[in-house]
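Below, each chain spelled out in residue letters.
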Amino acid sequence: MAANDFSEIARQFVEFYYNQFDSDRKGLASLYREQSMLTFESGSVLGAGPIVEKLSSLPFEKVKHQVSTLDSQPTVEGGILILITGALLVDEEQRPMNFTQAFQLMRDPSGGYFVFNDIFKLIFG
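Just so it is clear, the model here is predicted, and its values are computed rather than measured. (Residues numbered from 1 in each chain as written. Predicted model: local features only at pLDDT ≥ 70, side-chain atom pairs only at ≥ 80, totals over all residues. Heavy atoms only, no water.)

### Quick word on the packing of aromatic side chains
According to the stated counting rule, one finds nine aromatic pairs in the structure shown. Each ring, one from Phe 13 and one from Tyr 17, has its centre 5.7 Å from the other, and the planes form 35°; the classification is tilted. Linking Phe 13 with Tyr 17, this pair stays in helix α1 (residues 3–23), spanning four residues, or about one helical turn. Here Phe 13 and Tyr 17 have matching classes, each one buried. Both rings, one in Phe 114 and one in Phe 116, keep their centres 6.4 Å apart while their planes meet at 80°; by these two values the pair is edge-to-face. The exposure class assigned to Phe 116 is partly exposed, which follows from its relative accessible area of 30%. Chaining the aromatic ring pairs together yields one cluster made of Phe 13, Tyr 17, Tyr 18, Phe 21, Phe 40, Phe 99, Phe 103 and Phe 120. (Phe/Tyr/Trp six-rings, centres within 6.5 Å; stacked < 30°, edge-to-face > 60°. Helix = DSSP H or I, 4+ residues; strand = E, 2+ residues; numbered from the N terminus. Buried < 20%, exposed > 50% of the residue type's maximum accessible area, 1.4 Å probe, protein only.)

Dropping the structure here:
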């Protein structure tokens, strides 16, 4: 994988992911598989269905992610590790909350990518 390839794929993935999350979280289902794991604020769930259920049940109506930094590295078997920092605006809150999120994308048999690992954490202080 050329140096520019993985970073461009990471950028496109992050843009798609947060646009989809901010408009319709249920639409994220196609990005996860049964072996995918999400850790959200220290609670973990396994599998595409439970992950989308968790994301859809979060206690806010409107959300907007603002990405501050995006770093990526190639991993084994054509995977990509992505680390994001940013700010999160929810509902009518005027002060954004800082967050960090890490994704490990892996290749599926068709050559596309899916989210194998997803870790999200709010940063307080």
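### Side note on the pattern of salt bridges
Opposite charge on two side chains permits pairing when their charged atoms draw close. In the structure shown here, the tally under the stated rule is five salt bridges. One salt bridge in this structure joins Glu 15 and Arg 11, with 3.1 Å as the shortest N-O distance. Placement of the pair is Glu 15 and Arg 11 together in helix α1, with a separation of four residues, close to one helical turn. The partner of Arg 33 in a salt bridge is Asp 108, with the nearest N and O atoms 3.0 Å apart. With a gap of 75 residues between them, Arg 33 in strand β1 (residues 32–40) and Asp 108 in the loop between β5 (97–107) and β6 (113–123) connect regions that are remote in the sequence. You can call Arg 33 partly exposed: its relative accessible area is 24%. (Salt bridge = Lys/Arg side-chain N within 4 Å of Asp/Glu carboxyl O.)

### Details of the sheet that holds β1
Strands sit in the order β2-β1-β6-β5-β4-β3 across an open sheet of six strands; the sheet is mixed. Each edge of the open sheet carries a strand with a single partner, namely β2 (43–46) and β3 (63–74). Across the sheet, the axes of successive neighbouring strands diverge by a mean angle of 15°, strand direction being ignored. Two elements, β1 and β6, share five bridges in a ladder whose sense is parallel. Bridged to Tyr 32 within β6 is Val 115. Of the strands in this sheet, β1 and β2 touch helix α2 (residues 48–56), which is tilted by about 35° from β1. (Pairing = 2+ DSSP bridges. Axes fitted to C-alpha atoms, helices over the stretch in contact; angles between N-to-C directions. Contact = heavy atoms within 4.5 Å.)

### Some points on the side chain of Ser 72
As for its position among the elements, Ser 72 is in strand β3. In this structure Ser 72 comes out as buried when scored by relative accessible area, which is 17%. Every residue in contact with Ser 72, bar those within four places of it in the chain, is listed here: Phe 6, Ser 7, Ala 10, Ile 80, Leu 81 and Ile 82.

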